[in-house]
Amino acid sequence: MSWWDVLLGRTEPAKADLDALFALPSASVTLQAATGFAPTGSGAVCFRSAEGGAFATLQRDIAELLDSGGGPPVEISQDSYGYTWLLVRRAPDQFGDLVTDLHAVNSSLEAADFGPSLLCSLVSFTDPNGRRLALVYLYKQGTFYPFAPLSGQRRDNTLELEIRGALAGELPIEPDLGRWFPLWGAPGL
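Just so we're clear, the structure is a prediction, and the values are computed from it rather than from any experiment.

Scoring rules and cut-offs
Residues numbered from 1 in each chain as written. Predicted model: local features only at pLDDT ≥ 70, side-chain atom pairs only at ≥ 80, totals over all residues. Heavy atoms only, no water. Helix = DSSP H or I, 4+ residues; strand = E, 2+ residues; numbered from the N terminus. Buried < 20%, exposed > 50% of the residue type's maximum accessible area, 1.4 Å probe, protein only. Contact = heavy atoms within 4.5 Å. Areas by Shrake-Rupley, 256 points an atom, 1.4 Å probe, with all protein chains shown as cover. Expected span 1.5 Å × (residues − 1). Pairing = 2+ DSSP bridges. Axes fitted to C-alpha atoms, helices over the stretch in contact; angles between N-to-C directions. Parallel < 35°, antiparallel > 145°, perpendicular 65-115°, else oblique. Left-handed = near helix turned anticlockwise from the far one by under 90°. Nonpolar A, V, L, I, M, F, W, Y, C, P; charged D, E, K, R; others polar. Salt bridge = Lys/Arg side-chain N within 4 Å of Asp/Glu carboxyl O. Core = buried A, V, L, I, M, F, W, Y, C linked by side-chain atoms within 4.5 Å.

Engineer: Is there a simple way to think about the overall build of the protein in this case?
Structural biologist: What the protein contains, in helices and strands, is five helices and eight strands. Listing each helix as α and each strand as β along the protein from the N terminus yields α-α-β-α-β-β-α-β-β-β-β-β-α. Relative to its full complement of 189 residues, the protein shows a buried share of 42%. Of all intrachain contacts in the protein linking residues separated by at least 6 positions in sequence, the fraction that spans at least 24 positions is 65%. Entry remark: accessible area of the protein is about 9,600 Å², with carbon and sulfur atoms responsible for 54%.

Engineer: Is there a simple way to explain helix α4 (residues 95-111) in this structure?
Structural biologist: Along an α-helix, residues three or four positions apart point the same way, because every turn accommodates 3.6 residues. Counted at 1.5 Å a residue, the expected span for α4 with its 17 residues is 24 Å, and the 24 Å between its end C-alpha atoms agrees. Buried within α4 are the following residues: F95, L98, V99, D101, L102, H103, V105, N106 and L109. Looking at the residues trailing α4, positive phi occurs at D113, about 65°.

Engineer: It is not clear to me how the pairing of strand β3 (residues 83-89) should be interpreted in this structure. Could you clarify?
Structural biologist: Where a strand is regular, its side chains alternate between the two sheet faces. When you tally the buried positions in β3, you get five out of seven residues, the bulk of the element. In this sheet, β3 lies alongside strand β1 (residues 38-48) in antiparallel orientation, the contact comprising seven bridges. Residue pairing for β3: S42 is matched across the bridge by R89. As defined by bridge partners, strand β2 (residues 75-78) adjoins β3 across four bridges and the pair is classed as antiparallel.

Engineer: Please clarify how the packing of helix α2 (residues 24-35) against α4 should be interpreted in this entry.
Structural biologist: Helix-helix packing is characterised by the crossing angle of the two axes and by the distance between the axes. Relative orientation of the contacting elements α2 and α4 amounts to 135°, with a least axis distance of 9 Å. For the element pair α2 / α4, the angle class is oblique. As for how α2 packs across α4, the hand of that crossing is right-handed. Taking contact as the criterion, the partners of L24, P25 and S28 in α2 are, on α4, F95, G96 and V99. When its residues are assigned to classes, the contact of α2 with α4 shows four nonpolar, two polar and no charged.

Engineer: Quick question: what am I supposed to make of the pattern of salt bridges here?
Structural biologist: Two side chains of opposite charge can pair, provided their charged atoms sit close to one another. Counted according to the given criterion, the structure contains five salt bridges. A salt bridge links E75 to R89; the nearest nitrogen and oxygen atoms lie 3.0 Å apart. In this pair, E75 sits in strand β2 while R89 sits in strand β3, placing the two residues 14 residues apart along the sequence. With relative accessibility at 36%, the residue E75 sits in the partly exposed group. Judged by its relative accessible area of 35%, R89 is partly exposed. As a salt-bridge pair, D127 and R131 come within 2.7 Å of each other at their nearest N and O atoms.

Engineer: What exactly am I supposed to notice about the packing of α2 against helix α5 (residues 157-167) here?
Structural biologist: The interhelical angle for the contact between α2 and α5, taken along N-to-C directions, is 120°, at an axis separation of 10 Å. Put simply, α2 runs oblique to α5. Classified by chirality, the crossing of α5 by α2 is right-handed. Residues A27, T30, L31, A34 and T35 of α2 form the contact with α5, whose own contacting residues are E162, I163, A166 and L167. Here the residues of the contact of α2 with α5 are counted per class, giving six nonpolar, two polar and one charged.

Engineer: Is there a simple way to think about the nonpolar core in this case?
Structural biologist: One recurring pattern in soluble globular proteins is that nonpolar side chains are buried together. Core analysis: the biggest nonpolar cluster contains 52 residues, and L24, L135 and L183 have the highest contact counts within it. Aside from chain neighbours lying at most four places away, what touches L135 is L24, L31, S121, L122, V123, F125, Y145, P146, I163, L167 and L171.

Engineer: Quick question: what am I supposed to make of the environment of A23 here?
Structural biologist: Among the structural elements, A23 can be located in the loop between α1 (3-7) and α2. In this structure A23 comes out as partly exposed when scored by relative accessible area, which is 22%. When the C-alpha atoms of A23 and G96 are compared, they prove to be 9.7 Å apart, with 73 residues separating the residues in sequence. For A23, the residues in contact, after removing those within four places along its chain, are E170 and L171.

Right under this line is the structure:
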């Protein structure tokens, strides 16, 4: 950062640390012990698709790479905002493999210079009462936040704050609650 940036009050954006995703398996143990939420085996990566053959080929190669592991096929969908979701499913007891798959997707997009297209990654959890929860990784911030959807596009804010408290020592939690975006209809949630 130059001294002009300091004078003008500009700051460098946080750099994504994709290796932070590897903290999710231990955080899931803490989450289950503290709140009863267990992994569902679903995780997704959200990104804005780029035009052109190179991006389409990369997207196909990523899906083929993940499918080659003998797991269920990767599901690709698009939401109403124009973002592409790549959904990966594993058995709930294969949470570490799921996180590795999500890391591979993010790393592949970043290595091909499509990092600015990445929006977020999420992993899904549920509790014995059927409540749903996602831990969302914000690529551009390098932080996580909990998202607890309720029916009718409402959120369980109390639960989200409880999860924040339970995982504060495990994951870099997004401090700005204004960045805790709802992900209505996210695949796998």
